[in-house]
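Single-letter residue listing:
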Amino acid sequence: MGTGERDQEAHVSEAPTGAGGEAGGEGDSADSGARAPSPRTLAEALRSRPDASLAALLRARPDLLTPVPNDLTQLATRAGTRASVVRALERLDRFALQTAQALAVAPDPAPYPVLLALLAGDEGDSAVESALPGALAGLREQALVWGSDEQLRLVRTARELLAPSPAHPSPTGLGPTVAEATAGMSPGRVQEILRTAGLSATHDPVSAFAALTSLFTDRVRMSALLDTAPPEALAVLDRLVWGPPYGEVSADPAPPVRWLRDHGLLLPTSARTVVLPREVALHLRAGRAHRAPEPVAPAVAPAREYRPQVVDSAAAGQALTALTMVEDLLAEWNEGGPAVLRAGGLSVRDLKRTAAALDTTEQVAAFWLELAYAAGLLASDGEADERYAPTPAYDGWLDLPPAERWSRLAVAWLTATRTPGLVGGQDARARTLAALGPDLDRSPAPEVRHRVLALLARLPEGTAPDPETLLARLRWEHPTRTGPDDLRPRLAQWTLTEAELLGVTGRGALAAHGRALLAPGGETTAAPRPGGATTTPLLGLAAAAALAPHLPEPVDHVLLQADLTAVAPGPLRRPLAATLNVLADIESKGGATVYRFTPASVRRALDAGQAASDLHAFLAAHSATPVPQPLSYLIDDVARRHGHLRVGAASAYVRCDDDALLDEIVADKRSAGLRLRRLAPTVLAAQADPATLLEGLRAMGYAPAAESAEGDVVIHRADTRRTPPRTAPAPVPEGPPLPDETLLGAAVRAIRAGDEASTVVRKEQPHAAPAEPGGLPRTTAAETLATVQAAVLTGSALWIGYVNADGAASQRVIAPVRVEGGFVTAYDHTADEVRTYPLHRITGVAELADDPA
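Calculation notes
Residues numbered from 1 in each chain as written. Predicted model: local features only at pLDDT ≥ 70, side-chain atom pairs only at ≥ 80, totals over all residues. Heavy atoms only, no water. Pairing = 2+ DSSP bridges. Helix = DSSP H or I, 4+ residues; strand = E, 2+ residues; numbered from the N terminus. Axes fitted to C-alpha atoms, helices over the stretch in contact; angles between N-to-C directions. Parallel < 35°, antiparallel > 145°, perpendicular 65-115°, else oblique. Contact = heavy atoms within 4.5 Å. Nonpolar A, V, L, I, M, F, W, Y, C, P; charged D, E, K, R; others polar. Phe/Tyr/Trp six-rings, centres within 6.5 Å; stacked < 30°, edge-to-face > 60°. Buried < 20%, exposed > 50% of the residue type's maximum accessible area, 1.4 Å probe, protein only. pLDDT = per-residue confidence, 0-100. Arc of directions from axis to C-beta.

Student: It is not clear to me how the sheet that holds strand S16 (residues 585-588) should be interpreted in this structure. Could you clarify?
Tutor: Backbone-to-backbone hydrogen bonds join strands into a sheet, with any given pair of strands oriented parallel or antiparallel. As summarised here, the arrangement of the four strands in space is S14-S15-S17-S16, forming an open sheet in which the pairing is antiparallel. Where the open sheet ends on each side, the last strands, each with one partner, are strand S14 (559-561) and S16. Strand-to-strand twist in this sheet, taken as the mean axis angle between neighbours without regard to direction, amounts to 30°. When S16 meets strand S17 (residues 593-596), the two strands line up antiparallel, connected through three bridges. Looking across to S17, one finds that Ser 588 is bridged to Val 594.

Set out below in structure tokens:
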């Protein structure tokens, strides 16, 4: 254990012991006869905690576990480092932070009544009195505050961060104390202030500061002094009382300022600057450290109320739309999507094309893109000419029931750090953030989404919140992160919008399947997904089960109409939808999808290998109404002309048994660009390639078919393109991951054992070199072997110093069992297991005064 890692919180000088609550306790202590003395250090306070309290500390501050501390002294040291304290302060709610800020301006240590007075003021505040014990217990649990109620201490690093200073004003708006503000003042000037204030002169600066502080903290004498002040002087104090406490003065200040300065109510910090002492400000504030303490979290107000069934139905309808949007998006890219930018992501032009194809805005299109990407359904193919395409997991996703498909999307959205709301904005270097780009991860996003849904879940079912009150609640829960650059309010607003798009909420209220996404504690358990590329959190299964009753059953029929349209009265079964998408064009979507049959769509089905008889049979089998005659005529007419012309590779040629039809094509002015010439009565040659020739003839109204070198008709089917197997992008965590209960239990046992090894009382060895404080024991190899062999015979425990293969030194308490072959096998109290140690790596041994075994 390295002594260099210990800081002032682990080794502060002994503080006066006062009667107080139980050392290191988590709340108010009751009188029960003789009380335990107040702990002298943070390490001592942690040592008095039960295991459950230590586990709560490590759970609240997981950065303390990396790596697991050797003992409680090292844990206390690490808990006082600047980075760890800043991270802990960022997770405090507003009142807990106000409590810490009040402690930072209170005497050190501060009794509980002094802290209460700073928060509640002279007149008291019942809400503050009720909330303060809980806030103090939370600060103690996170090791930001320690000591009994009579000697509350704020961790020194937190005090340095929160205490007032000219460079970093306190959030309380308070300035330095009289002693701090007059530290560099001449003794003559101090005595002059005492005389002007009506106080007796003293013989030393310390007693002078004490006399002035006593005056400013005496409510009666201070009120009498202020009664003699000019009204203009009181107006100056009013401008400084709530901060900032510093003001500029001229070389010849105005009479009101001169009066305040002469009486010590304003103290000079430089030739042109004065400051309002903390004691004076607290008197003017009636004892309050904050203008408006906020002990109670603001409530989320309801905006509108609906019947729960209405909310669930609206959310289910939007969930179905979400599935359709993702399917349409990936169907659009089924044969290969747009290229990946060199810097990563999708170009602005391709995002606009995607938005137009989905008939939505670019921002909403970016959301669907990022959702599919987060769910592992979309990725780049990794080729030299890198492009986006669906992943193999997409095919497995399509085979799932609709409710489970939705749950996969919802869970991916809830846990992803990808933030589509940033698309179109700029990063720190003024570069535009692209959809699917590498710079869209924001670590707080999952936490904000969970918190927003949790607040919605607290409202009565069917209640939509007032967004402003919801944002106010989030600001109360994380006040240190508020500011012009704070992303959390925007994340919360985006969460409300995205939850509605996805169908987690309906009409602004949380739906039943949205509530099912919030498992107790927000924990997820992984299970295999189809294709093996991704995993599904089991919490999504409950959401899928809650959503399924509200989704319409897929239908296996359409309603054919005489105007060459077909109406799908609901979501179609997949084989029917796949065939109909080839045979017809989607004209409109909504509660019912309308398909339109055109010559081009029928030809597309014939090109895909269908015969006219197949199409007639398909429509007859899946139409709830008789097949209209115009549709039958359309199919027969296109089929009769389909393949009458044959196009092959010459560069390209056209052949047809009807030479009159070829004459008609050659005479048509629109064929001039194809540069056709007759080779035989039934064959035309073209300078264009076969694909261009096919498109040109189709544009002229003909229905040519491509043929192979053997003269067979070439069937054109859409070639699906898939990326290699890809896993969904892993969320970027905000700080270290939360430890599970198994890790917490093991860490607490290891810390306890290490602490026992470092604090256990040891016998002095007559020939052993004395160990330095916190150092390893030192004995010769012969003495080490003899002591260990004796311990095997007596069954006693030893304190040893050990250096592992990596050169890391540690102290351990072991009970040797066997010594042979240069190794000692022993039960290690530090690791709570039997281990074998090479004797040459043991630096020394010492017997214990009291055997812990």
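Anyway, onward from the coordinates.
Student: When you look at the packing of helix H11 (residues 205-217) against helix H12 (residues 219-227) in this model, what are you seeing that I'm missing?
Tutor: Geometrically, a packed helix pair is captured by the angle between its two axes and the distance between the axes. At a minimum axis distance of 5 Å, the contact between H11 and H12 shows a crossing angle of 85°. Relative to H12, the element H11 is oriented roughly perpendicular. Every residue of H12 that contacts H11 at Ser 214, Leu 215, Phe 216 and Thr 217 is listed here: Arg 219, Arg 221, Met 222 and Leu 225. Its residues assigned to classes, the contact of H11 with H12 comprises four nonpolar, two polar and two charged.

Student: What is the right way to read the packing of aromatic side chains from this model?
Tutor: Aromatic ring pairs: the centre-centre distance and the angle between the two ring planes describe each pair. Counted under the stated rule, the structure contains four aromatic pairs. Taken together, a centroid distance of 5.0 Å and an interplanar angle of 55° make the contact between Phe 367 and Trp 368 tilted. Of the residues examined, Trp 368 reaches a relative accessible area of 1% and is grouped as buried. On the numbers, 4.8 Å between centres and 70° between planes, the contact of Tyr 802 with Tyr 837 is edge-to-face. Of this pair, Tyr 802 sits in strand S23 (residues 798-803) while Tyr 837 sits in strand S26 (residues 833-838), placing them 35 residues apart in sequence.

Student: Please explain the environment of Ala 76 as it appears in this structure.
Tutor: Its location among the elements puts Ala 76 in helix H3 (residues 72-79). Given the relative accessible area of 0%, Ala 76 is considered buried. Counting along the chain gives 79 residues from Ala 76 to Val 155, while the straight-line C-alpha distance between them is 9.8 Å.

Student: Help me understand the sheet that holds S23 in this model?
Tutor: Overall, antiparallel pairing links the five strands, which are arranged S26-S25-S24-S23-S27 in an open sheet. Each edge of the open sheet is held by one strand with a lone partner, namely S26 and strand S27 (842-847). Pairwise comparison of adjacent strand axes, ignoring direction, gives a mean angle of 45° for this sheet. Where helix H33 (residues 781-794) meets the sheet, its contacts fall on S23, strand S24 (809-820), strand S25 (823-828) and S27, and the angle it forms with S24 comes to roughly 65°.

Student: Would you take a moment to explain the confidence of the model for the protein chain for this structure?
Tutor: Should the pLDDT be low somewhere, the predicted coordinates at that spot are not to be read in detail. Residues of the protein chain with pLDDT of at least 70 account for 87%, and the chain-wide mean is 83. In the model, residues 1-34 has pLDDT below 50 throughout and makes 87 contacts with residues more than four positions away in sequence or in other chains. This model gives residues 521-536 a pLDDT under 50, and the stretch forms 30 contacts once residues within four places in sequence are excluded.

Student: Looking at this structure, I do not really get helix H14 (residues 255-262). What am I missing?
Tutor: Within H14 the residues assigned to the buried category are Pro 256, Val 257, Trp 259 and Leu 260. Axial view of H14: buried residues confined to an arc of 160°, hence all on one face. On its buried face, H14 is in contact with H12 and helix H13 (231-240). Downstream of H14 by a residue or two, Gly 264 has a phi angle that is positive, lying close to 80°.

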